[in-house]
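This is what each chain is made of:
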Amino acid sequence: SSGINAEWPLRPGAPFIQTVKEVHLAFLPIEERVFSLDNPTAYNDYYGGKLTEQKLEEIAEQLVTVCATLDEAPCPKVRICHSNLDCVKDLAKKVQAKLEKYKDADILTTNNRSQPSQLIILDRGFDPISPFLHELTFQAMGYDLLSSVSASSKIDPVKNTYSIDSNKDSSLDDNKKEIILDISNDLWRELRHLHISNALQKINAQSKDLQEKYIKLRGGSGVDPNNMHEMKNMINKMPKYKREEANHSSFLKLAEDCMAAYNSGTVERAVKLEQDMATGYDSTNRPIGDNMKACVPVFVPQNNGPLFTPYQKLRVLILYVLNKKGLNKHLTKDTLTRLIAKADIQKEEKAVHNLGALGIDIFGTSEMESRKMPKRKERDTSGVFETSRWTPVVKDIMEAVVIDKNLDADFYPVFHSDAQNNNDCDPGTVTSLRGHGKKQAPMAAQRSGPKLIIFVMGSISYSEMRCAHQVSETQYGLTRRGWEVIIGSDMVLTPERYLDKLITLND
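Residues numbered from 1 in each chain as written. Predicted model: local features only at pLDDT ≥ 70, side-chain atom pairs only at ≥ 80, totals over all residues. Heavy atoms only, no water.

Novice: Sorry if this is basic, but what is going on with the packing of aromatic side chains here?
Specialist: Each aromatic ring pair is characterised by the separation of its centres together with the angle its planes make. For the structure on display, the rule yields nine aromatic pairs. Ring geometry for Phe 138 and Trp 188: centres 5.8 Å apart, planes at 50°, overall tilted. Residue Phe 138 is located in helix H5 (residues 138-146), and its partner Trp 188 is located in helix H6 (residues 186-191); the two are separated by 50 residues in the primary sequence. An identical accessibility class is assigned to Phe 138 and Trp 188; each is buried. (Phe/Tyr/Trp six-rings, centres within 6.5 Å; stacked < 30°, edge-to-face > 60°. Helix = DSSP H or I, 4+ residues; strand = E, 2+ residues; numbered from the N terminus. Buried < 20%, exposed > 50% of the residue type's maximum accessible area, 1.4 Å probe, protein only.)

This is the structure:
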């Protein structure tokens, strides 16, 4: 603003500043490829019929600032959804209009890429399964199981911290009672998307290497005691190794807490059942059909069997309902009522009925059933952990754009507002937010590859966050113009917090 420009030359650091750039930022960068609009009420607004024009404007503005920060102005693509979810197209329309305003203000330049960046806006019903599943990769597992289960250690999903009772672990210093789970910690960045088994192996292997280096360092192996420079280097390295050792101990404790929660008796049994119902196949790749017999021990306590929590029962019940729908053998309302009573989850049953607000017809009685869903990508599951056979639907979409180049335009059409010329979204060009006027983007901008920005209305899961990283990493080393995938939503939710939203949807 003019006030800042007038004051700037008077500031002490002014002589050292060469350039000042305005940053459009109305969102939270969660990770390097993940963003959140931090809208806790958005889920209820979208799917509970409470979305106002003003709220939609604010959300569109936030989403446009994501595009602005990435220097991209892609044309939105919208998943075709049933007529009750007009808010998806309404949001796309407002996003497109706001991007057009950037062009009219002459702050956009043309970036002539052969592959234009894309923005895909999805309603949460595009994948009703992933938000409910127990995920056994390190980050997702920790946030799911330790944000509410463990008494001696806890993950705070808001602060992104892991707290440890150091009195019970003598290997930890007092200042290691809480560690931050973000990309500033190289070890966390390396471990977060590994399956828990692989994460444990890597932590143990690296801890062993550290111990061997530390032993050599303390013993002074290879160090000339008469060489003061070598002795000084050895002494300086010791605190570094102690910090690394404490860091590894913290993550080993986190992995052990994850496994303790998993082996508690209920989670392990639920995970295998969830995978069968999500994929429709057992671990030997045989169709499971109606899997009600396997669900009974979860719903009804067995002799000396584990007692499942209401939310664990609810997760299994919803997956069973969705599996029946996938088999075109919908439940009747009477059958669902009996199952809810048998599982004794009457207080939580709203979550099942509220699936209809996402465009999911669990009873097969409405016109929503005529909507077709894209065919899932076939994947080789050999060598995949039995407990990790499900692949989130969003990964199919990402790979269809980035790798296979075959995103189905019937399901993901380019959105055009009524007043927009179709040529404005010519797939051969893309608009960038660099520079001014109609000039070509600078060479630095042209060297960057295209972006795939996916926005899921309401919430995303940690497993869907992982997919953005995994698909982006397939582009490393291919070309300097390789794709980068960015995913975001109004909130990032664990399965239990997602159930909270679904239960209270229409309250």
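Now that the structure has been shown, the text picks up again.
Novice: Is there a simple way to think about the nonpolar core in this case?
Specialist: Soluble, globular proteins show a tendency: their nonpolar side chains are buried together. Residues Phe 138, Phe 251, Leu 254, Ile 318, Met 398, Ile 454 and Phe 455 are the most contacted members of the largest nonpolar core, which totals 128 residues. The dominant element in this core, judged by the number of residues it contributes, is helix H11 (residues 310-326), at nine residues. Apart from the residues within four sequence positions on either side, Leu 254 is in contact with Phe 138, Leu 146, Ile 155, Tyr 162, Leu 181 and Trp 188. (Core = buried A, V, L, I, M, F, W, Y, C linked by side-chain atoms within 4.5 Å. Contact = heavy atoms within 4.5 Å.)

Novice: Could you clarify how one ought to interpret the sheet that holds strand S1 (residues 28-31) in this entry?
Specialist: Note on sheets: strands pair through backbone hydrogen bonds, and any given pair is parallel or antiparallel. Ordered by their spatial adjacency, six strands build an open sheet running S1-S2-S11-S10-S5-S3, and the pairing between neighbours is mixed. Strand pairing shows two members of the sheet lacking a second neighbour, S1 and strand S3 (76-78), which therefore form its edges. On average, each strand axis in the sheet is tilted by 25° relative to the strand beside it, whichever way the strands run. When S1 meets strand S2 (residues 34-36), the two strands line up antiparallel, connected through three bridges. Each bridged residue has a counterpart across the sheet, and for Glu 31 the counterpart in S2 is Val 34. (Pairing = 2+ DSSP bridges. Axes fitted to C-alpha atoms, helices over the stretch in contact; angles between N-to-C directions.)

Novice: Explain the packing of H11 against helix H12 (residues 333-343) here, please?
Specialist: Two quantities define a packed helix pair, namely the angle between the axes and the distance from one axis to the other. The geometry of H11 relative to H12 is characterised by a closest axis approach of 11 Å and an angle of 160° between their N-to-C directions. When the axes of H11 and H12 are compared, the pair comes out roughly antiparallel. Pair H11 / H12 crosses with right-handed handedness. Residue-level contacts link Lys 313, Leu 317, Tyr 320 and Val 321 of H11 to Leu 336, Leu 339, Ile 340 and Ala 343 of H12. For the contact of H11 with H12, the class distribution of residues is seven nonpolar, no polar and one charged. (Parallel < 35°, antiparallel > 145°, perpendicular 65-115°, else oblique. Left-handed = near helix turned anticlockwise from the far one by under 90°. Nonpolar A, V, L, I, M, F, W, Y, C, P; charged D, E, K, R; others polar.)

Novice: Looking at this structure, I do not really get the pairing of strand S5 (residues 118-123). What am I missing?
Specialist: Along a regular strand, successive side chains alternate from one face of the sheet to the other. Among the six residues of S5, six are classified as buried, and the element is accordingly described as predominantly covered. Every second residue of S5 is oriented toward a common face, with Gln 118, Ile 120 and Leu 122 on one face and Leu 119, Ile 121 and Asp 123 on the other, all of them buried. Relative to S5, S3 is paired through three bridges, and the arrangement is parallel. Paired with Pro 76 across the two strands is Leu 119, which belongs to S5. Where S5 and strand S10 (residues 451-457) come together, six bridges link them in parallel fashion.

Novice: Help me understand the side chain of Arg 389 in this model?
Specialist: Here Arg 389 shows up in the loop between helix H13 (350-353) and helix H14 (393-402). On the basis of relative accessible area, Arg 389 is assigned to the buried category, the value being 13%. Among the polar contacts made by the side chain of Arg 389, one reaches the side chain of Asp 276 at a distance of 2.7 Å. Separated by 2.9 Å, the side chain of Arg 389 and the backbone oxygen of Tyr 281 make a polar contact. Residue contacts for Arg 389: discarding those within four places in its chain leaves Lys 272, Gln 275, Asp 276, Thr 279, Tyr 281, Asp 282, Ser 283 and Val 384. (Polar contact = N/O pair within 3.5 Å; in protein donor to acceptor, adjacent residues only side chain to side chain.)

Novice: In this structure, what is going on with the pattern of salt bridges? I would like to understand it.
Specialist: A side chain of one charge can pair with a side chain of the opposite charge when the charged atoms of the two come close. A full pass over the atoms with the stated rule returns 23 salt bridges. For Lys 202, the salt bridge goes to Glu 190, with nearest N and O atoms at 3.4 Å. Pair noted here: Lys 202 is in helix H7 (residues 196-219) and Glu 190 is in helix H6, with a separation of twelve residues, a long-range link. The partly exposed category is assigned to Lys 202, whose relative accessible area is 29%. In this structure, Asp 257 and Lys 253 form a salt bridge, with 3.1 Å as the shortest nitrogen-oxygen distance. On the criterion of helical spacing, the pair formed by Asp 257 and Lys 253 is a turn pair, its members being four residues apart in helix H8 (residues 228-262). The class for Lys 253 is buried, based on a relative accessible area of 15%. One salt-bridge network, held together by shared partners, links Arg 376, Lys 377, Arg 379, Asp 396, Glu 399 and Asp 404. (Salt bridge = Lys/Arg side-chain N within 4 Å of Asp/Glu carboxyl O.)

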